[in-house]
Amino acid sequence: MSSFDKPTDHRMPQDAQSADSRSVTEAALFEAFGGVRGMVETTVPGLVFVAIYTVKRDIHVAAIAALGLSLVLGLARLVRKDTLKHAFSGVFGVAFGAVFAMMSGDAKNFYLPGMLYSLGLAIAYIASSIVGYPLMGLILGPVFKENLSWRTRNPGRKVAYTKASWAWGLILLAKSAILFPLYWWGDATQLGWVKVALGIPPMLLSVYLTWIFLSKAPPPIDVFAEMEAAERAEREAKANATAR
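Residues numbered from 1 in each chain as written. Predicted model: local features only at pLDDT ≥ 70, side-chain atom pairs only at ≥ 80, totals over all residues. Heavy atoms only, no water.

1. A short note on the overall build of the protein chain
Each helix and strand in the protein chain was counted, giving 11 helices and 0 strands. Starting at the N terminus, the α and β elements of the protein chain follow one another as α-α-α-α-α-α-α-α-α-α-α. A burial count over the protein chain gives 39% of its 244 residues as buried. Residue pairs in contact within the protein chain that sit at least 24 positions apart in sequence constitute 71% of those at least 6 positions apart. When the accessible area of the protein chain is evaluated, it comes to approximately 13400 Å², of which 67% is carbon and sulfur surface. (Helix = DSSP H or I, 4+ residues; strand = E, 2+ residues; numbered from the N terminus. Buried < 20%, exposed > 50% of the residue type's maximum accessible area, 1.4 Å probe, protein only. Contact = heavy atoms within 4.5 Å. Areas by Shrake-Rupley, 256 points an atom, 1.4 Å probe, with all protein chains shown as cover.)

Dropping the structure here:
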């Protein structure tokens, strides 16, 4: 039985329930964001690009090397039978950047698609929180098997998802506020090294804050288990009616 299948026992000591909630939240976050390995895989191709470009000043060589490494990392995930999302998300991002940089002849454009994506994601996190559909809840709801039950039936989790979404949005906005001035007024190597440095720490901070907010929230409502229980009850009622 996985941590997602453990029934909530209200007779459990409070410390045990808290520990179980933290472990379930940690597992969900690793599944949703690919874990530390996923963070590294999104950072290393950019590191390879800026390192090669700093030495050779050749956009094509740097871009092809970064793309090749990203493909190898994606194939390694497929061999390990990881989800397609984690296997190809990094490859597509690097591919867009590589093509954009080679076509424009400007090495800074290797990083522009990822920067625009981060900025758009920051706006989405904040806007979704304002309208009452925090993006973190939409992302993690299916992972926790609660879907959208947190919106109407579990207000404590909605608050936690809203806080987490604000955290992600503000952290990504702060990251964008550092990177875009470098894109406009800095050179490619400055932008590249700063972007690599800002790859993992902001994401780790965002994931940690999300873990804190959710581990203190009420447990999720497993709507899949509820539907299965309702279907079993309906079948049993029909069977009893037929037996009579």
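Read on for the rest.
2. Some details on the packing of aromatic side chains
Evaluated as defined, the whole model comprises 9 aromatic pairs. Geometrically, the ring pair formed by Phe-180 and Trp-184 is tilted, given 5.7 Å between the ring centres and 40° between the ring planes. Taken together, the residues span about one helical turn, with Phe-180 and Trp-184 both in helix α8 (residues 155-185) at a distance of 4 residues. Of the residues examined, Trp-184 reaches a relative accessible area of 54% and is grouped as exposed. Following the ring pairs from residue to residue traces out a cluster consisting of Phe-49, Tyr-53, Phe-110 and Tyr-111. Here the guanidinium or amino end of Lys-108 rests over the ring plane of Tyr-183, the centre of that ring lying 5.5 Å away. Directly above the aromatic system of Phe-144 lies the positively charged group of Arg-157, at a separation of 4.8 Å from the ring centroid. (Phe/Tyr/Trp six-rings, centres within 6.5 Å; stacked < 30°, edge-to-face > 60°. Lys NZ or Arg CZ within 6 Å of the ring centre and 35° of its normal.)

Function-wise, these values are silent; they only describe arrangement.
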